[in-house]
Amino acid sequence: MKKTYFIAFIALFMFSAFSYAQTINVKGNVKDVATNAPLPGVNIVVKNTAKGASTDFDGNFSINDVPINSILVITYLGYQTQEVTVTSSQEISILLVEDAESLDEVVVIGYGTQKRKDVTGAVSLVSSETLEDLKPVDAAIALQGTSSGVTVNSPSGSPGAEFNIIIRGISSNGSNKPLYIVDGYEVSSFNTISPNDIESITVLKDAQAAIYGIKGANGVVLITTKSGKKNSAPKFSYNAYTGTQETTRTLPYLNATEYALLLNESYAANGQALPYPNVSGLGAGTDWQDEVFSNAPITNHNVSLSGGGEKITYYVGASRLEQDGIVARDKSDFVRNNIKINLGIDISKKFKFTTNANYFTASSRGFSENALGSVLFNALNYAPTFNVDEEDWNGTLGNEVINPLSQIRNTYNSYNGTNIEGNFQLEYKPLKELTVTSRIGYKVYSDKGKSFAPIVEYGTGKVFNNPRSRVDQSRNHYNSYTWETFINYDKTFANKHHATVTLGTSAQRNWGDGLSASGFDVPNNSWEFADISLTPGLSDAKSNASYVYDNRLTSYFGRLQYDYMGKYLLSAMVRRDAASDFSPENRVDYFKSVTAGWKISDEPFMEDSEVIDFLKLRASYGTLGNNVGADLYRALLNGEATYVMDGALVTGVANGRLPNPNAQWETAEKLDVGFDITLLNNKVDITADYFVEDREDLLIGGLPVSGILGTAAPGGGNPTVNAGTTRSKGFEFSIGYKDDFSDNLSFAANFNFTNVKGEVISINGDVIPEGGAFGVGQLAPSRMEVGQPIGYFYGLKTDGIFQNQAEVEAHPSQLALGAEAAPGDIRYADVNGDGVIDFDDRTYLGKPQADYYMGLNLSVNFKNFDLATYMYAEVGKEMVRNYERSQPNVNRSNLYLNRWRGEGTSNTVPRVTTASTTNRLFSDFYVEDASFLRIQNIQLGYSLPDNVLEKIGMSKFRIYAAVNNAFTFTEYSGYDPAATSGDAIGGGIDYGFYPISRQYLLGLNLSL
């Protein structure tokens, strides 16, 4: 027995000695696989032991006495865990891959964050990668086609123009603008923020936004800007692009010969002498669109530095955008400068301080657009028989149409704005489960503007003639602050019950003032001397104005989020708002919502599914507010009046609109039911929602009151009251597919689809709100009426063209419209069947809001090449063609080449004549299908391989070529089928919208 023990002991000793001889010292380096940047603070542990190390700032680590064939476990927050087997003492190079699923789980929901799989509301998320692909001048563009339920359009393609964001359709006859929150503070638009500084954009679309109470009815857009990461080496990035811009289209208008022949025909039809007896020498003439459009440069530069240590994180970014206009390039431009700072400091284990600031300056110049007499309006209507420097001295084209090049030369203006916004935030964590946050958000904005109208003569009777030079100057100051304090208590009970409680208070103040004045008789009739201090002239009318405002909002809010076993989810929230915008009796209201979810995929009966990876049903219901109608309860002295004082007439002021002390905000009641599902090993991601919203207490103006109240006086008006209800309902669907076919090839596709239908449910009182304009002196073309969508087009319905006199005589008389019909004129339908064609026969002609919104985004990565394209479509909407002046001698669209010239020649386009007709009245002849498909972006990039980057000391070097607004497919004959003024009543009426430019870009992305 002793011998046996001895032999075993010797064997064990030899084995131990052998094992000890096989231990080695391990060294290595850890980097990010995408950026090749070293990762500090990565944990490396020998599996099943306590032995390990962390990487230093250069990503290096070392562990001594590691047995051979041991397994190293590498973990780092936000990255996939890796295991590496130790086989030799050779240095180990480890490349960590970001855990995309983990990163995408965190969603900002207002006063907190939540894992995306636990979100019970309807949200859309846009990442910084999408912003990088699209290269938008305004970050709002990144939501177009990438977020279901969200539409983005613009009233203008001019440099620096802001974009309109609409979430789930038009619900209000007032403002439909969502609330914008950047890092916890409120901003008025995206345009002050550089897209390069944005990390992500989250859109809250349903009752989950009730946490924002009186401002949440139109949805909430939450913007998170970039920040540094703890224990990370300094990272320097430089992103730039430069390129050229051009118009996406010019409209087919008549050349000089075609114009002269058409004019001859119209004069002959009225028995007048021909204006162009000989057209042989006219040729093509002047193409005024070619004269006003030109290619224009655009450049953008951005530098940033980010990083952090154990207790500090930092991000500093600086950007400059320069964009010239494609119309009147010498008089149209936009320059934006941004400096962004984000700083986080761990003061102690319990206190953390963060601050961020965005400094913004902008300067721009522009000209009149999308209106009667604008530059593009004149470019379309000015006769091609005039030379580029020739004026319409005799006034043959009417009093609103002038030489557009002369108009540009005589346009002088400038605008400069400066803004700083941000917040200071302190977090206190007395307990592991409890966080107390207090922050102050601020915004200070000031601007100044100046315009100069020189003495100028354009021709007889022109409304733009200016016999006296004038300069207008203005200065404005806007200020705001928001102080918020809230607590978040997060606790798990009995390993099954998890709850997060949020309680807080908020106080907001917005105040400012402005001053404007005019000076006359500018010295030397020159822009260089255009300043009020130099103008000696006076005016009989008032030539200055000022304003001041001060609005306040006090709020209390609370939210409970609960889940049982992580799969049964419930959230309830309430907010109390008190707004100074309304009378003391109507300042306070409570906004409430509840959301719920069920993770079906966590149930035992789903565990063995080989197709479904995740499935969640969710629903939400609640009320939110839309803070419109400020100061309606006050009587203001903004009316006009003339008084007799000392025997002389004196211009003064009087009461304006009749006040309504009972006015209050609109209220939205929202219901949403949806599901989220991922399939096939997370390769397919599907989200669907059905939603209904009732918008109540809409503010309707012009309700009839007794005439003895004096509301018909100049500057007066009937009161605005809460007297309307609308309903919007629809369906959203999005599907994404992503797959890595190999180490060298990956593909991703995302498609989203939204259907929205809006309808006016009720309007109290005998009034139909109207808006918009068509032609000169015509009835309003848009209205709000029960049973119809807000802002639908209302006019005469056509029924072909009268082909002969017999058809005219057989049809009800159209004389009540202003002129008797003749062969070749538009035949209008007798809609009400009373045997007379008059304005009572006006009817529904279309709507500016689409039925369907769609987006398709594709991306392919092959080795070091990447290709991406973004597409967007709107289907089922109309626009009004309103850029044709109703004058006999103006130029016209080549549509009139297919006009009626005799029986059977046309049944759609009327004859031309200088005689009085009803052909220019607003009808469906001027309403067109504006459905479109737009290729928003095509981008091809190439990145240097990792081994080359390592040699040159960079983590990223990428060059790319891109085309923005590449192609638009539409049957609409105007410049831009996506353009609209943004007005709920009056949107979609086209005076010649400034088209969004097509941009050809070359760019560089570089990181160290």
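(A) Representation of the overall build of the chain. Of regular secondary structure, the chain possesses nine helices and 49 strands. For the chain, the spread of C-alpha atoms along the principal axes amounts to about 135 × 70 × 65 Å. For the chain, the residues scored as buried account for 51% of the 1008 residues in total. Here the analysis covers contacts within the chain between residues at least 6 apart in sequence; of these, 71% occur between residues at least 24 apart. Of the roughly 44,800 Å² of accessible surface on the chain, a fraction of 56% belongs to carbon and sulfur atoms.

(B) Examining helix α4 (residues 256-269) more closely. Helix length check: α4, at 14 residues, gives a terminal C-alpha distance of 20 Å against a target of 20 Å (1.5 Å per residue), a fit within 8%. Residues Ala 256, Tyr 259, Ala 260, Leu 262, Leu 263, Asn 264, Ser 266 and Tyr 267 constitute the buried set of α4. The N-capping residue of α4, defined by a side-chain oxygen 3.2 Å from the backbone nitrogen of Thr 257, is Asn 255. Just past α4, the residue Gly 271 takes up positive phi, approximately 70°.

(C) Region of the structure containing the pairing of strand β38 (residues 792-795). Side chains of β38 alternate between two faces, with Tyr 792 and Tyr 794 and Phe 793 and Gly 795 buried alike. Pairing between β38 and strand β41 (residues 843-846): three bridges, direction antiparallel. Considered in β41, the bridge of Phe 793 is made with Gly 846.

(D) Focus on the side chain of Arg 911. Within the secondary structure, Arg 911 is located in the loop between β44 (878-881) and β45 (927-929). Taking the relative accessible area as the measure of exposure, Arg 911 reaches 17% and is therefore buried. In this structure Arg 911 touches Ala 822, Pro 823, Gly 824, Asp 825, Trp 900, Thr 917 and Asn 919, once residues within four positions along its chain are discounted.

(E) The arrangement of the sheet that holds strand β4 (residues 60-67) in detail. Taken together, three strands build an open sheet; the order of strands is β4-β1-β7 and the sheet is mixed. For this open sheet the edge positions go to β4 and β7 (92-96), each flanked by a neighbour on one side alone. Taken over all neighbouring pairs, the strand axes of this sheet differ in orientation by 30° on average, direction set aside. Direction of pairing for strand β1 (residues 23-32) relative to β7: parallel, over a ladder of five bridges. Note on β7: the bridge partner recorded for Asp 32 is Leu 96.

(F) Focus on the sheet that holds strand β10 (residues 123-127). One open sheet holds the five strands; their spatial order is β10-β15-β16-β13-β14, and the pairing between them is mixed. The sheet is open, and its two edges are formed by β10 and β14 (185-187), each paired on a single side. Averaged over all adjacent pairs, the angle separating strand axes in this sheet is 25°, with direction ignored. Relative to β14, strand β13 (residues 179-182) runs antiparallel, the two being bridged by three bridges. In the strand pairing of β14, Ile 181 is matched with Glu 186.

(G) Spatial organisation of the environment of Gly 986. Note that Gly 986 resides in the loop between β47 (956-970) and β48 (989-990). Here the alpha-carbon distance between Gly 986 and Leu 262, two residues 724 residues apart in the chain, equals 32 Å. Sequence-distant contacts of Gly 986, that is, excluding residues within four places in its chain, are made with Gly 771, Gly 772, Ser 782 and Ser 981.

(H) Molecular detail of the environment of Asn 907. On the secondary structure map, Asn 907 appears in the loop between β44 and β45. A sequence separation of 83 residues divides Asn 907 from Gly 824, and the C-alpha atoms of the two residues are 8.5 Å apart. Beyond its immediate sequence surroundings of up to four residues, Asn 907 is in contact with Gly 800, Ile 801 and Gln 803. A distance of 3.4 Å separates the side chain of Asn 907 from the side chain of Gln 803, its partner in a polar contact.

(I) Geometry of the packing of aromatic side chains. The tally for this structure, following the rule as stated, stands at 30 aromatic pairs. Look at Tyr 792 and Tyr 844: their rings are 5.6 Å apart centre to centre, the planes differ by 20°, and that puts the pair in the stacked class. Remark: Tyr 844 occurs in strand β41 and Tyr 792 occurs in strand β38; sequence separation between them is 52 residues. The exposure class of Tyr 792 is buried, given its relative accessible area of 2%. Classification of Tyr 844 as partly exposed rests on a relative accessible area of 35%.

(J) The arrangement of the pattern of salt bridges in detail. The full count for this structure, using the stated rule, is 47 salt bridges. For the salt bridge of Lys 31 with Glu 950, the shortest nitrogen-to-oxygen distance reads 3.6 Å. Taken together, the residues span a long stretch of sequence, with Lys 31 in strand β1 and Glu 950 in helix α9 (residues 946-952) at a distance of 919 residues. Given the relative accessible area of 16%, Lys 31 is considered buried. A single salt-bridge network, built from bridges that share partners, covers Arg 168, Lys 205, Lys 616, Arg 618, Asp 672, Asp 676, Asp 689 and Glu 732.

(K) Molecular detail of a nonpolar patch on the surface. Taken together, the side chains of Phe 236, Val 303, Leu 305, Ile 312, Val 316, Ile 339, Ile 341, Leu 343, Tyr 359, Ile 420, Val 444 and Leu 1008 present a nonpolar region at the surface, about 900 Å² in accessible area. Mapped onto the nonpolar patch, the elements with two or more residues apiece are β18 (296-308), β19 (312-324) and β20 (333-346). For the nonpolar patch, the element with the highest residue contribution is β20, accounting for three residues. According to the relative accessible area criterion, Val 444 is partly exposed, its value standing at 43%.

(L) View of the confidence of the model for the chain. Scored by pLDDT, the chain comes out at a mean of 90, with 96% of its residues at no less than 70. Low confidence marks residues 1-21, where pLDDT is under 50. Its contacts with residues over four positions away, or in another chain, come to zero contacts.

(M) Main features of the environment of Asp 689. Summarising the element assignment, Asp 689 is placed in strand β33 (residues 684-700). For Asp 689, a relative accessible area of 4% corresponds to the buried category. In this structure, the C-alpha to C-alpha distance between Asp 689 and Asp 672, residues 17 residues apart in sequence, is 6.6 Å. If we ignore the near neighbours within four places in the chain, the residues touching Asp 689 are Ala 122, Arg 168, Arg 618, Asp 672, Val 673, Gly 674, Gly 730, Phe 731 and Glu 732. A distance of 2.6 Å separates polar atoms of two side chains, one belonging to Asp 689 and the other to Arg 618.

(N) View of unusual backbone geometry. Phi angles above zero are rare outside glycine, and Asn 682 is one such case at about 65°. Mapped onto the elements, Asn 682 comes out in the loop between β32 (666-679) and β33. Positive phi, normally seen in glycine, also occurs at Asn 965, with a value near 55°. With respect to the helices, strands and loops of the structure, Asn 965 is situated in strand β47. In this structure Asn 965 comes out as buried when scored by relative accessible area, which is 13%.

(O) Structural detail: the nonpolar core. The biggest cluster of nonpolar side chains holds 57 residues, and the ones touching the most others in it are Val 292, Val 327 and Leu 397. At the level of elements, α4, α5 (288-292), α6 (375-381), α7 (404-409), β40 (826-828) and β44 are the ones that each hand at least two residues to this core. In terms of residue count, the dominant contributor to this core is α6 (five residues). When sequence neighbours within four positions are dropped, the list of residues in contact with Leu 397 reads Tyr 259, Tyr 382, Ala 383, Phe 386, Asp 392, Lys 462, Gln 887, Asn 889 and Val 890. Ranked by size, the runner-up nonpolar core spans 26 residues in total, among them Ala 139, Phe 163, Val 203 and Tyr 870.

(P) Structural view of a negative patch on the surface. Side chains of Asp 602, Glu 607, Asp 608 and Glu 610 sit close together on the surface and give a patch of like negative charge. With respect to the helices and strands, Glu 607 occurs in the loop between β28 (588-599) and β29 (612-626). Judged by its relative accessible area of 59%, Glu 607 falls in the exposed class.

Cut-offs applied
- Counting from 1, residues in each chain are numbered in the order their sequence is written.
- Two thresholds apply to this predicted model, a pLDDT of at least 70 for residue-level local features and 80 or more for giving and counting side-chain atom pairs, whereas whole-chain, interface and lining totals are computed over all residues.
- The basis for every side-chain value is the complete set of non-hydrogen atoms in the structure, without hydrogens or water.
- Secondary structure is summarised from DSSP: a helix means a run of H or I of at least four residues, a strand means a run of E of at least two, and numbering begins at the N terminus for each.
- Burial status follows relative accessibility: with a 1.4 Å probe on protein chains alone, a residue under 20% of its type maximum counts as buried, one over 50% as exposed, and anything between as partly exposed.
- For this analysis, residues touch if any pair of their heavy atoms sits within 4.5 Å.
- To be clear on the numbers: accessible area is Shrake-Rupley with a 1.4 Å probe, and residue cover counts the displayed protein chains and nothing else.
- Residue count minus one, scaled by 1.5 Å, sets the expected span of a helix.
- We define a polar contact as two N or O atoms separated by no more than 3.5 Å, with the added condition that, inside protein, one atom must be a possible hydrogen donor and the other a possible acceptor, whereas residues neighbouring each other in sequence contribute only through side-chain atom pairs.
- Two strands are counted as paired when DSSP detects at least two bridges linking them.
- Axes here refer to lines fitted to C-alpha atoms; in helices the fit is confined to the stretch in contact. Angles between the N-to-C directions go from 0 to 180 degrees.
- Planes of paired rings set the category: under 30 degrees apart is stacked, over 60 is edge-to-face and the rest tilted, where pairs are Phe, Tyr or Trp rings (Trp by its six-membered ring) whose centres lie within 6.5 Å.
- Counted as salt bridges are all cases of a side-chain nitrogen of Lys or Arg within 4 Å of a carboxyl oxygen of Asp or Glu.
- Exposure above 30% relative accessible area and the lack of any salt bridge qualify a residue for a patch; like charges then connect within 9 Å, and the nonpolar side chains Val, Leu, Ile, Met, Phe, Trp and Tyr within 5 Å.
- The predictor attaches a confidence to each residue, and that confidence, scored 0 to 100, is pLDDT.
- The definition of a nonpolar core used throughout is a set of buried Ala, Val, Leu, Ile, Met, Phe, Trp, Tyr and Cys residues joined through side-chain atoms within 4.5 Å.
- Here Asp and Glu are counted as negative and Lys and Arg as positive; His is not counted, and neither are the chain ends.
- For charged residues, the charge sits on one atom: NZ in Lys, CZ in Arg, CG in Asp, CD in Glu.

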